[in-house]
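# Chains, contacts and geometry: an overview
Residue-level listing of the chains:
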Amino acid sequence: MTDLGQEALQLVSLHGSIAAAARAAGISRSSMRDRLSRTGWKLGKPTRQLAAPGISTGGIAEIHRIDRELSRPASHAGRTHLVIPDSHAHPDFPNDRFDWLGRFLLDLKPDVVVDIGDMADIPSLSIYDGARSVGGAGGKKSFEGRRYKLDVAAAIDARRRILLPFDTENSRLIAAGEKPLILPELHSCEGNHEDRIRRVSSLIPELDGVISIDDLEIEKLGWKFHEFRIPAIIDGIAYAHFLISGVMGKPVGGVNHARSLILKGLTSSTVGHSHLRDFAETVTADNRRLLGLIVGCFFDFHADFAGPANSLYWRGLVVKRCVQAGNYDHQWISLDYLRATYGH
Ligand SMILES: [Fe+2]
């Protein structure tokens, strides 16, 4: 549909007739009819009625029908996305939740999976706990015993567990001579915890190439990697660990986090990072629905660095259905539900 056609439909809907819409647009009625005809709508007789094939028309009822058409997505088709919020695989805590996630993934069979970042916690490079490698002042007692290799192993193990049920099912299907399942598109957004690895090699140049983000084997395990702070645009949604609020590169946040996200970026956006959940929507003058989503987190242990803020966290997964042009129906899947249903 052309922009002029869309605008013509909106004007007719707003003003109640082709003549009034033409007057408002400052064009002739025949020009307005011409613009309407470009939308695929046929002009019936008398000329004030707009008729779509197979639908009887007339007067104000027709205008209401146009309203419904304008407020409805072009199609109810669209893809299914599964969003994995900050999951913080950590060598001191079990990775069972990734097994539950893998079983859920096999049941859901989404088209797209998005890891929103911080799947690798990397506590050995925590500046909060004093890791000197990233500019810390010296290790706290809690820092003792932390080892980079263990951190990396925990993150790789998490990613393998997510896909294990899918891979196992496909092995079974292939062995039975049946068609294997199509693996979802896998996207991994880099979080600030993964970014710790980059900071080490920037602060200690002699370690450049010794440790790197490749240690996490993200792409090797089949995920498309999206660098920190650069959104991945998937089906009209900007996915990132967080989106920046301005030239300082700080995250968008605050009490109205989800609303701020869409007002800043002017596009449907989904982020993690805060470990809280929030949702907001707004509809633009040209009838685009912008959805802002903050997805919480996906870990079940107490995060030492957060203290009492742990009780504020929302823990679980997010499923989006009918994803199309930034619009979708979302569903919160709590970690408690996931454990009760898939933790066997
Ligand atoms: Fe996080």
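See the structure shown above.
In this report, the structure presented in the accompanying data block is examined. (Residues numbered from 1 in each chain as written. Predicted model: local features only at pLDDT ≥ 70, side-chain atom pairs only at ≥ 80, totals over all residues.)

This paragraph deals with the overall build of the chain. A tally of regular secondary structure across the chain gives nine helices and 13 strands. Considering the chain as a whole, with its 344 residues, one finds that 35% of them fall into the buried category. Considering only intrachain contacts with a sequence separation of at least 6, the fraction spanning at least 24 residues in the chain is 61%. (Helix = DSSP H or I, 4+ residues; strand = E, 2+ residues; numbered from the N terminus. Buried ≥ 20, exposed ≤ 12 C-beta atoms within 10 Å, placed from the backbone. Contact = placed C-beta atoms within 7 Å.)

This paragraph deals with the sheet that holds strand β10 (residues 277-283). Each strand in a sheet pairs with another by means of backbone hydrogen bonds, the pair being arranged parallel or else antiparallel. The five strands are arranged β7-β8-β9-β11-β10 in an open sheet whose pairing can be described as mixed. The sheet is open, and its two edges are formed by β7 (232-234) and β10, each paired on a single side. The average undirected angle you get between the axes of adjacent strands in this sheet is 15°. Sheet topology places strand β9 (residues 268-271) next to strand β11 (residues 289-295); three bridges connect them, and they run parallel. Each residue of the ladder has a partner; that of Thr270, found in β11, is Leu293. (Pairing = 2+ DSSP bridges. Axes fitted to C-alpha atoms, helices over the stretch in contact; angles between N-to-C directions.)

Residues Ile84 and Val114 are the most contacted members of the largest nonpolar core, which totals 56 residues. Listed in part, the seven residues of the second largest apolar core include Leu9, Ile18, Ala22 and Leu36. (Core = buried A, V, L, I, M, F, W, Y, C linked by C-beta atoms within 7 Å.)

As a further point, take the packing of helix α5 (residues 96-108) against helix α6 (residues 148-175). Contact geometry of α5 with α6 gives a least axis separation of 8 Å together with a crossing angle of 35°. In this structure, the crossing between α5 and α6 has a hand that is right-handed. Within the contact between the two elements, α5 uses Phe98, Asp99, Leu101, Gly102, Arg103, Leu105 and Leu106 and α6 uses Ala158, Arg161, Ile162, Leu163, Leu164, Pro165, Phe166 and Glu169. Residue classes in the contact of α5 with α6 are distributed as ten nonpolar, one polar and four charged. (Left-handed = near helix turned anticlockwise from the far one by under 90°. Nonpolar A, V, L, I, M, F, W, Y, C, P; charged D, E, K, R; others polar.)

If you trace the six strands from one edge of the open sheet to the other, you get β6-β5-β4-β3-β12-β13, paired in mixed fashion. Each end of this open sheet is capped by a strand with a single partner; those strands are β6 (224-226) and β13 (327-334). Strand-to-strand twist across the sheet, computed as the mean angle between neighbouring axes with direction ignored, equals 20°. The pairing of strand β5 (residues 185-189) with β6 spans three bridges and is classified as parallel. Note that in β6 the partner of Ser188 across the bridge is Phe225. The sheet strands contacting α5 are β3 (79-84), β4 (112-115) and β12 (316-324), and the helix crosses β3 at an angle near 175°. Across the sheet, helix α9 (residues 335-342) touches β12 and β13, and the angle it forms with β13 is around 70°.

So yeah, pure geometry; function would need other evidence.
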